[in-house]
Amino acid sequence: MLRTCVIGLGPIGNRHADIHQADPLANLVGVCDWNPERAEAAGKRLGVPYFTDAATMLKTLQPDMVSVATGGHEYGSEHAAATMVALQHGCHVLCEKPISNELEPARKMVALAREKRLCFAVNLNHRFTPACRRARQWLAEGRIGIPRFMNMAMWIGNPRESSPWFHFKALHPHTIDIMRYFCGEIEAVHAFAIKAPGRSIWSTAQFNFRFKSGATGHLTGSYDIMRGHPMERAEVGGTRGRILLQDMFKELTWFPHHSSEKIVITNPIIGGMGDFTDTFINRIHNFFAELTEGIPPDKIDGQASDALAAQSVIDANIRSMRTGKVEMVDPASWTGNYDLSYGEAQRASD
Amino acid sequence: MIRIAVLGLDEVGREYARASKRDPTSRLVGVYDPDRARAEKLGEELGVPASDHCQELLETANPEVCIVSPLETNEALVGDLLSRGIHVLFTLPMSPHAEEMEELLARNTTTRGMLAADFHLRFTPAMEKAREWVSGGEIGSPLFVNMNLWRDLPEEFGGNPALLFFELGLHGVDVIRQFVGDIERVQCFGVRDTRGCFTSAQINMMCSNGAVGHLTISYEMVTHHPIARCEIAGSRARVVIENVYEETTLYVHERPEKLVLTNSIFGGIPQLSETCYRRLNEFLTSVQKGDLARDATVVDACAATRVMKAAYHSAERGSVEEVEPGC
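Residues numbered from 1 in each chain as written. Chains lettered and ligands numbered in written order. Predicted model: local features only at pLDDT ≥ 70, side-chain atom pairs only at ≥ 80, totals over all residues. Heavy atoms only, no water.

1. Quick word on the sheet that holds strand β11 (residues 232-238) of chain A
All names here are of chain A.
No. 1: The nine strands are arranged β14-β13-β12-β11-β7-β10-β9-β8-β15 in an open sheet whose pairing can be described as mixed. The open sheet has two edge strands, β14 (263-266) and β15 (327-328), and neither has a second partner.
No. 2: Examined bridge by bridge, strand β8 (residues 186-194) and β15 share two bridges and lie antiparallel to one another. Bridge pairing in β15 places V189 opposite E327.
No. 3: Together, β11, β12 (241-246), β13 (251-256) and β14 form the strand contacts of helix α6 (residues 130-141), whose direction differs from that of β13 by roughly 20°. (Pairing = 2+ DSSP bridges. Helix = DSSP H or I, 4+ residues; strand = E, 2+ residues; numbered from the N terminus. Contact = heavy atoms within 4.5 Å. Axes fitted to C-alpha atoms, helices over the stretch in contact; angles between N-to-C directions.)

2. Observations concerning the domain arrangement of chain B
Residues and elements named next belong to chain B.
No. 1: Segmentation of chain B into domains returns domain 1 (2-120 + 275-290) and domain 2 (121-269 + 304-322).
No. 2: Each of domain 1 and domain 2 has a C-alpha centre, and these two points are 26 Å apart.
No. 3: Counting from both sides, the interface comprises 20 residues of domain 1 and, opposite them, 21 residues of domain 2.
No. 4: In total, about 1,800 Å² of surface goes out of reach between domain 1 and domain 2, with carbon and sulfur atoms giving 57% of it.
No. 5: Taken together, domain 1 and domain 2 are joined by one salt bridge.
No. 6: Grouping the constituent residues of the side of domain 1 that touches domain 2 by class yields six nonpolar, four polar and 10 charged. (Domains from an automatic or database assignment. Buried area = accessible area lost by both parts, 1.4 Å probe. Salt bridge = Lys/Arg side-chain N within 4 Å of Asp/Glu carboxyl O. Nonpolar A, V, L, I, M, F, W, Y, C, P; charged D, E, K, R; others polar.)

3. Concerning the layout of surface pockets
Gaps left between atoms are located by rolling a probe of water-molecule size over the structure's atoms.
Residues and elements named next belong to chain A.
No. 1: Taken as a whole, the second largest pocket holds about 1,100 Å³ of empty space.
No. 2: Lining the second largest pocket are 44 residues; nearest its centre among them are I12, Y75, K97, R227 and F280.
No. 3: Taken together, the elements giving at least two residues each to the lining of the second largest pocket come down to α1 (11-22), α7 (166-183) and α8 (277-293).
No. 4: Here the lining of the second largest pocket gathers at least three residues from each of two domains, domain 1 (2-118) and domain 2 (127-273 + 304-348). (1 Å grid on protein atoms, 1.4 Å probe; cavity = no way out; pocket = protein on both sides within 12 Å on 5 of 7 lines; lining within 4 Å. Points joined across faces, edges and corners; volume = space filled by probe spheres on them.)

4. Let's talk about the pattern of salt bridges
All names here are of chain B.
No. 1: By the definition in use, this model includes 43 salt bridges over all chains.
No. 2: Put simply, D300 and R122 hold a salt bridge, and the shortest N to O gap is 2.8 Å. In this pair, D300 is assigned in helix α9 (residues 297-317) and R122 in the loop between β6 (115-117) and α6 (125-135), connecting sequence segments 178 residues apart. This pair shows no difference in class: D300 is buried, exactly as R122 is.
No. 3: Among the salt bridges present, the one from R192 reaches E316, with a minimum N-O distance of 3.5 Å. Taken together, the residues span a long stretch of sequence, with R192 in strand β8 (residues 183-192) and E316 in helix α9 at a distance of 124 residues.
No. 4: Of the residues examined, E316 reaches a relative accessible area of 38% and is grouped as partly exposed. (Buried < 20%, exposed > 50% of the residue type's maximum accessible area, 1.4 Å probe, protein only.)

5. Focus: the sheet that holds strand β1 (residues 2-7) of chain B
Residue and element names in this part refer to chain B.
No. 1: Overall, parallel pairing links the six strands, which are arranged β3-β2-β1-β4-β5-β6 in an open sheet. The open sheet is flanked by β3 (50-51) and β6, the only strands paired with a single partner.
No. 2: Here strand β5 (residues 87-90) pairs with β6 via three bridges, running parallel. Bridging across to β6, L89 finds its partner in A116.
No. 3: Across the sheet, helix α8 (residues 273-289) touches β1, β2 (26-32), β4 (65-68), β5 and β6, and the angle it forms with β5 is around 160°.

6. Looking at the interface of chain A and chain B
No. 1: In this complex, chain A contributes 51 residues to the contact, which on the side of chain B involves 49 residues.
No. 2: Where chain A abuts chain B, roughly 3,600 Å² becomes buried across the two surfaces, and 64% of that area is made up of carbon and sulfur atoms.
No. 3: Across the contact surface, chain A and chain B share one salt bridge.
No. 4: Note that E220(B) and R148(A) form a salt bridge whose closest N and O atoms lie 2.6 Å from each other.
No. 5: In this structure, the connection of chain A to chain B is made through 21 residue pairs in polar contact (both at pLDDT 80 or more).
No. 6: Where the side of chain A that touches chain B is concerned, the elements lending two or more residues are β7 (147-155), β8, β9 (204-211), β10 (216-222), β11, β12 and β13 of chain A.
No. 7: Taken together, the residues of the side of chain A that touches chain B sort by class into 21 nonpolar, 20 polar and 10 charged. (Polar contact = N/O pair within 3.5 Å; in protein donor to acceptor, adjacent residues only side chain to side chain.)

7. Let's talk about helix α2 (residues 36-46) of chain B
All names here are of chain B.
No. 1: If you check which residues of α2 are buried, you get A39, L42, G43 and L46. End-on view of α2: buried residues confined to an arc of 105°, all on one side of the axis. In α2, those exposed residues whose orientation departs by more than 90 degrees from the buried face are A37, K41 and E44.
No. 2: On its buried face, α2 is in contact with α1 (11-22), β2 and β3.
No. 3: Backbone geometry just after α2 places G47 at a positive phi near 70°. (Arc of directions from axis to C-beta.)

8. Side note on the side chain of D23(A)
All names here are of chain A.
No. 1: Considering the arrangement of structural elements, one finds D23 in the loop between α1 and β2 (26-32).
No. 2: Look at D23: it is buried, it has no salt bridge, and the nearest opposite charge is R283 at 10 Å.
No. 3: In this structure the side chain of D23 is engaged in a polar contact, spanning 2.7 Å, whose partner is the side chain of H285. (Lys, Arg positive; Asp, Glu negative; His and termini not counted.)

9. Remarks on the packing of aromatic side chains
No. 1: On inspection of all chains with the given rule, the structure shows 15 aromatic pairs over all chains.
No. 2: Ring geometry for W155(A) versus F144(B): centroids 5.4 Å apart, planes at 35°, classification tilted. Of this pair, W155(A) sits in strand β7 while F144(B) sits in strand β7 (residues 142-150), which puts the two residues in different chains.
No. 3: You can call W155(A) buried: its relative accessible area is 5%.
No. 4: Residue F144(B) is classed as buried on the basis of its relative accessible area, which comes to 1%.
No. 5: Through a chain of ring-to-ring contacts, three or more aromatic side chains come together here, namely W165(A), F168(A), W202(A) and F207(A).
No. 6: The ring of Y181(A) carries the charged tip of R127(A) above its face, separated from the ring centre by 4.2 Å.
No. 7: A cation over an aromatic ring shows up here: R143(A) above the ring of W254(A), its NZ or CZ 4.7 Å from the ring centre. (Phe/Tyr/Trp six-rings, centres within 6.5 Å; stacked < 30°, edge-to-face > 60°. Lys NZ or Arg CZ within 6 Å of the ring centre and 35° of its normal.)

This is the structure in structure tokens:
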């Protein structure tokens, strides 16, 4: 049983804490927030010791693992400090996204985890669904052949006006992670964005990508569309077919070129994904399972280096907005963790 | 009965010939294609004269309307037809050069012949409903538009590196322009085949109405699965048109229910080819009314061509391209 703590007790941190308590592999031993009222409220609600200083909590409770959900400017400026403290205390860390709102702190976080040989993951929860796993399996099997294009779209209503790049930095770690998960490293980008009427931030954007593989990608993102209707869509078209994943787990469809029949997997109402919270439950449990099994830090799923890679793609998009040009993604950020052969062996034997 | 000849029998040309044969207000008087076997095959199918000599067919068939599909000499041919007072509906690609099209357009005002562009994807109840919702303000301020359009390799591909842009791309950008107007800037990443011909492309767009747009086009898909999807989102709602005419949906942001218009199996559009029939019917109505101003599709074709020219250059050069001002 893993001894776990949560740092940062806003709505997301409280959600982490609830999931820790419900998970059979974890034992939530403490929570922390710099705000004493929030710390006390969460501690009492959960029935665990609560702290206002992370180092004190970590020294006192000596957990195996910590969830960092501190937030801050652009939802990420306070992730680095809490993560670094947890790593210094020898804890494995699951950090909320974005890994950091700036690249340099993110690089330091990843470097420290590597130095300490600790598992450092980021809550890129959108792809921890059976449908998304199946989609990647289909891609690996070569069901669509070699990817030629990928389209992705995601939107939510977020009225905050905290910074010009808030929407880019805080929403698209998810989408870019899924795009990399399906099609590999992104090499070049271009962005057109607008400030919706009455807004001061770049709230709706069209991002164009070229993958290292030569495939092309496109992403629509928006903070201007309220939730309720479908909010996420991912499709990959290849030399042998197309797959379409709707709303993370609701429906996965394979349109094979060789047949007019399509294969559809719909989320069942019994035993399927319940709602969006299940993506958190799956993601966090996956990390607990990896820690319990002793998976090496460089083999865990959804690791921080991939979150850093996504953030580097976002950085290139911000540069594109500033220069008005196509911008290259820093190749030093590439991990190769998501590379697939797309059924090459199978095709060779055809 | 309006006398119609179809010149150039690629896939779209053949569909227009079949549409002409069905149309009760017109009579198909002949078909031409430089490939004699292809011309004769369709002539036999439709029971009309067929020829591999264009001028010969024009002289014997004496058409009032010509539907002109891509041919090597079609700018000259179309100019000649217009100067004779023959009305022309041209299919895409007309010409990759907007300047040549604009020349034809200018000539269009000084001749008796009326010139119009195909753009058959527009002519569906689903598109009409979407236009009604967008122009009526149902979606609020436009934010973005996305269009996907794909198929298998067309029989006329023939190693033309830019055909994807000037055939499929023109149709796609025309649909986009219906909802957001002119496009100011584009950026494109493309995928090429072993000959260097573009087979898939992702085109980012900045629209003059302040929205952002995107078009995916590909010759690497198939036609037995959905081939098109268009969505237009605004500050109040989002509209999605699935597969040209199959379904149009209005998602109002603050309401849990959605409004869906589904193509009916009674009186709806039975096949994509029906869109050619509807487009032809619209053109013939303009011809019958003698109303040259009623059909502004050539202006739209020029604008769409300029957008695709910019997209092609962007893909070639790795640049962001300004779209040249329209005619």
